Amino acid sequence: MKILKIEFQNINSLKGAHEIDFTGSPFTASSLFAITGPTGSGKSTILDVISLALFNQVPRLGKITKNEILNKGAILTRNQKEAWARITYESKTGIFASHWSISTNRNNKLRDYEMQLFDLASEKALDLKKSDVPAKNEELIGLNYDQFIKSVLLAQGEFAQFLRAKKDERGELLEKITGTGIYRQLGIKAFQKKKEVSSEIEKEQQEIEVHQKNLLQEEDLNTFSKELSEKTKNCEPLEAEVKKLEQNIRLKNDIKERNLDLQKVLRQKEEAKKSLAEFEDQHGQALKKHEKIQLFGEELRTWQNLNREIKGLQDDIAIIVNGEKRTEEQMTDCLGQIRKFVQKNVAAADIEAEIHTFSSSVRELQQQRDAKRSSYGSLQREFDTEVREIPFQLNGDIEQSELKLLELQKMIQLEVDNLSPRLSEINLADPISEKNRLRRDLEQARKAERQSEKISQASGELKKLQAEKAEIQPFLEKLPKELELEQSNADTLKERLEKLQLKKENENLRKTLEEHRTHLQKGDPCPLCGALEHPFAEDLPEREDGLQEEIQETSRLLSAKQQEIAGTKTSLNHYERRFESVHKSEKEKISELESLKGHFEEEFGDLKIAYETDWSRIVAKFDGKISALEKYEAENRKLKAIAAGLPLLADLKKVLQEGKEIKKHLDQLYTGKNIDADCRDLQNKWTGFLHQKTSLQKQQKDLEQKQGLKKSQLKDLEIKLQSKIEKEGYREIQQALAGLLPEQRAAELRKKKETLNNETSRIESVEKTLISQLQKLQENEPQSSLEDLIKEIEEKKNTLSGWNKECEELRRILFNDQNTKRKINEIETGLKEKKQKIRRWELLNQLIGDSTGKKFNDFAQDLSLSQLLQLANVRLKDLSDRYRIGKPEGDEDDSLVAIDDHMGGQRRSVKTLSGGETFILSLSMALALSDLASKNVEIDSLFIDEGFGTLDPETLDQTLDTLEKLQAESSKTIGIISHVDSLKERITTQVKLKRNGQGYSSLEVSG
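The structure presented is a predicted model; accordingly, all values stated were derived computationally and were not measured.

Draft legend 1. Inspection of the overall build of the protein at higher detail. Secondary structure summary: the protein contains 23 helices and 17 strands in total. Buried residues in the protein amount to 37% of all 1007 residues. For the protein, contacts bridging at least 24 residues in sequence account for 72% of all contacts bridging at least 6. Accessible surface computed for the protein: about 61,300 Å², of which carbon and sulfur atoms make up 48%.

Below is the structure:
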């Protein structure tokens, strides 16, 4: 993963838009750069922008939300309404741009943040929710947020604290730095799980003990079983006696119920006889009379109906006569309406002919009027068709419209006359061909314009490559000379070192004798020869005690010079590779430019215009000619339309005048809307009255004939009935009719009498049945009274209930004992299975579990520390060949130890190191963590924060040499964040931050 570009606006103190492009100059010449500026100028803000745009988190605040920004006043620059951050990066799958933004609405209220991810290959945004963008970046980069900030954003200050920490504190810091707190949680979980399953087993074992305490002793169990058997046998005879008594009590109750039912039936029998007697008193006589008259009852009813019908016919005849009078009056009114309508005194017999003649005259005038309307409409449509090219529409005044049209004709002719000079080079006799030619020329000009832009773009890119090549050339000329000079100086130092080392060896050979000579004193015997005089011990040359220091100094200078040579070689290799790449790109661009120019000459040579010409002006010229020609054609079409429309206006005036005259004559004769409907309505109205009059006359005649027939039938029936009613004792027919009951009433009375007789018979039958049942029950009736039986059964039931309770108690005791045994067996079976299952949890707890998770965490952190120290020592070897980092042993201090290879592998606590030495070790640890976190992902961008101010100039140079070597070997982009002034001299590529006052800062890239 490599960061290609950082862009942002209004983040923290950096107001406005800013950009750091690692794909352009000066970063292409040197990928090691410094981020410099005073404290509080916003150096760490650049790191915040990276993590914010990728993961919506920053190391100092965590996850960013709208409320976080409002509450802490972070991210959004003071007094600004929007902020955004954008990171363009390259991963294994392509180049992507991750964008984060936030802004305020119209009411200055902060909206929620937005995030998008763009695939720059397709130049499209991926279809993701804003909450899914960080996860997608994690997938593309191969690192989550915690891994990213440990692999890319290196803060060595944490490791300086880590180096000096005691063992327990170091474990906590390592857990925080590496993010391996999961091992502590696993240890706690293992302990808790074992405790949980163990508590379940203990609980069940306690439950078994409780159940065992409730079990019966064997002796008590046998006693209870024997007692239950004896009591059960004693209950059986008593239960039989209770059942017999229950049967006798039921028999006594049945006899009692039957006696009560019999008394009730006897009462019902008396009430039924009484109801029948009352019916005979009230309705018996009338029903008998009805039965006698019923023999000729139908004839009496017929007589009654004939009288009613004759009366009804008389009423209908009176209604018909009144209707005939009203019809005559309506016919007189209708005749007056017809005469007024046809404007003529018409006789009743001639109404139909006169109405027909009138309607024909009106229809003829209407047809003439409609014909004129049709002619006017056709002429108007033809006029509208002819003048459709011009913005003109007829109004009600034809003459006024004609004047407007003539005025419009003059204006258009003037416009045509003005256009003609601009089209002098065009054959206006054939405008279509000329327009097609101009369009072809326009298309060619546009193609030439696009081709010219490609040539200009290629030329610009070529100039950039040539400029970059010119920038690199001085380095290629200067660096070999510097390298040769540095190599010469290194050879001199090496030769000097060899001489000094040879001198040191010779001195060592003479060292023993010379040391003895220096210790000889006059008068003391020589330990070798015993002489008291020591002439060779006098005037000895002074000892060169500074030789070892001179060797070490020369060795240091040689090492520094070799590192300087390595740095120069690295820079030279970088510039040579870059020069070769730029030179290759230059050749390709020259070839591309020549190809584009050749293609331009081949395709657009006929235009005889150079590619450097302002093609936009030529395109505009062709566009203007086409527009003028199209306007000329449109104006000519309008003139033709006006010429065709003027004659049609004259015809419209003539038709309109003739139509007005016809309308005037028609309005004098008829002003209605539908002459046929009006005539038809009057004709139908008159005809309807005639038919109505005829119909009423016929109805009156029919009713009078029907009335005469009914009267004749009535007379014959009265003669026939008179003899019959006299036989039954009646003098008049009306009197006999009064004795005849309505048929429905007579049927109701007959049905009621039959119901009363049936009810009396049913009650007598029930009485016989009850007497028979009672006699059978009394045959088996016991001698004892019901009260004695009830008292006896209660006594026996009480005795039986006591015995049953004793038996039930015994059964309950035995059942509970059996149930308890069953529960104990079930629990023991389950415990056996559970103990087998929890064996793995017990084993896991023994290995890694404890209440705080310390056991497994210490083990895991020791492994992590060993791996981290191994990687750190690899990095430390590049920074310094003197030290290695190791873990404390035996009685050593809890803090990590520095192994000094220059002092024969001497071990000492890192607490004794200087600030610069501590920085070197902590930087190697930070680089090692980056290697550890990104072991499966290639990281090509690193940012190192804090600590460079603690280094002396020599160590600072050595550290920077190592970082330059790291950058050259891996092509990484490495940024160093510091306010150390000496960095500005060594690292020329810089991102400078300056405070501008009022809490704002500015950013500048230089190199």
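Draft legend 2. Structural view of the packing of aromatic side chains. Under the definition given, this model contains eight aromatic pairs. Ring pairing ties together the aromatic residues F22, F27, F33 and F943, which thus form one cluster. Of note, K130 hangs over the ring of Y113, and the distance from its end group to the ring centre comes to 4.7 Å.

Draft legend 3. Expanded view of helix α3 (residues 133-141). Among the residues of α3, V133, P134, N137, L140 and I141 are the ones counted as buried. The buried side chains of α3 occupy one side of the element, clustering within an arc of 125° when seen end-on. Looking at the buried side of α3, the elements it contacts are α1 (43-55), β6 (82-91), β7 (94-103) and β8 (114-119). Looking at the residues trailing α3, positive phi occurs at G142, about 95°.

Draft legend 4. Highlighting the sheet that holds strand β13 (residues 906-909). Strands sit in the order β11-β12-β13 across an open sheet of three strands; the sheet is antiparallel. Both outer strands of the open sheet, β11 (883-886) and β13, are each paired with one neighbouring strand and no more. This sheet shows a mean twist of 30° between the axes of neighbouring strands, independent of strand direction. As paired elements, β11 and strand β12 (residues 897-900) share four bridges and run antiparallel to each other. Looking across to β12, one finds that I885 is bridged to A898.

Draft legend 5. Molecular detail of a negative patch on the surface. Judged by side-chain charge, E787, D788, E792, E794 and E795 come together as a negatively charged surface patch. Mapped onto the secondary structure, E787 falls in helix α18 (residues 786-837).

Draft legend 6. A look at the pairing of β7. Where β6 and β7 come together, ten bridges link them in antiparallel fashion. Its bridge partner lying in β7, W84 is registered against S101. Here β6 folds back onto β7, and the loop between the two strands holds two residues.

Draft legend 7. Broad picture of the pattern of salt bridges. Scanning all chains against the criterion turns up 28 salt bridges. We note a salt bridge from K269 to E767, for which the minimum N-O separation is 3.5 Å. Separated by 498 residues along the polypeptide, K269 in helix α8 (residues 218-293) and E767 in helix α17 (residues 743-779) bring together distant segments of the chain. Here K269 matches E767 in class, with each residue buried. Of the charged contacts, one joins R907 and E889 as a salt bridge, the two residues approaching to 3.8 Å between their closest N and O atoms.

Draft legend 8. Fine view of the environment of D220. You can see D220 is positioned in helix α8. A relative accessible area of 36% places D220 in the partly exposed class. With 594 residues separating them along the chain, D220 and L814 place their C-alpha atoms 10.0 Å apart.

Draft legend 9. Spatial organisation of the nonpolar core. Counting residues in hydrophobic clusters, the biggest one holds 80 residues, and the most contacted among them are I6 and F943. Core analysis: the next-biggest nonpolar cluster, separate from the first, contains 31 residues, L408, L438, A628 and L646 among them.

Draft legend 10. Examining unusual backbone geometry more closely. In this model, S25 is joined to P26 through a cis peptide bond whose omega is 10°. By the element assignment, P26 lies in the loop between β2 (14-21) and β3 (32-36). Backbone geometry at N10 places phi at a positive 55°, although glycine is not the residue there. Note that N10 resides in strand β1 (residues 2-11). What makes N10 buried here is its relative accessible area of 3%. Phi is positive for N56, which is not a glycine, with a value near 55°. As for its position among the elements, N56 is in the loop between α1 and β4 (57-58). Overall, the relative accessible area of 2% leaves N56 in the buried class.

Draft legend 11. Structural detail: the side chain of Q700. By the element assignment, Q700 lies in helix α15 (residues 675-727). Contact partners of Q700, with chain neighbours within four places excluded, come to I317, I320, V321 and E324.

Draft legend 12. Focus on helix α7 (residues 182-213). End to end, α7 covers 47 Å across 32 residues, agreeing with the expected 46 Å (1.5 Å per residue, within 8%). Among all positions of α7, only G187, I188, A190, V197, S198, I201, E204, I208 and H211 are buried. As for α7, its buried residues are in contact with α18, α19 (839-848) and α20 (854-879).

Draft legend 13. Molecular detail of the packing of α18 against α19. Contact geometry for α18 and α19: axes closest at 4 Å, N-to-C directions at 35°. When α18 is examined against α19, the residues K835, Q836 and K837 are found in contact with a partner set consisting of R839, R840 and W841.

Definitions and cut-offs
- Residues numbered from 1 in each chain as written.
- Predicted model: local features only at pLDDT ≥ 70, side-chain atom pairs only at ≥ 80, totals over all residues.
- Heavy atoms only, no water.
- Helix = DSSP H or I, 4+ residues; strand = E, 2+ residues; numbered from the N terminus.
- Buried < 20%, exposed > 50% of the residue type's maximum accessible area, 1.4 Å probe, protein only.
- Contact = heavy atoms within 4.5 Å.
- Areas by Shrake-Rupley, 256 points an atom, 1.4 Å probe, with all protein chains shown as cover.
- Phe/Tyr/Trp six-rings, centres within 6.5 Å; stacked < 30°, edge-to-face > 60°.
- Lys NZ or Arg CZ within 6 Å of the ring centre and 35° of its normal.
- Arc of directions from axis to C-beta.
- Pairing = 2+ DSSP bridges.
- Axes fitted to C-alpha atoms, helices over the stretch in contact; angles between N-to-C directions.
- Patch = residues over 30% accessible without salt bridge, like charges linked within 9 Å, V, L, I, M, F, W, Y side chains within 5 Å.
- Salt bridge = Lys/Arg side-chain N within 4 Å of Asp/Glu carboxyl O.
- Lys, Arg positive; Asp, Glu negative; His and termini not counted.
- Charge placed at Lys NZ, Arg CZ, Asp CG, Glu CD.
- Core = buried A, V, L, I, M, F, W, Y, C linked by side-chain atoms within 4.5 Å.
- Expected span 1.5 Å × (residues − 1).

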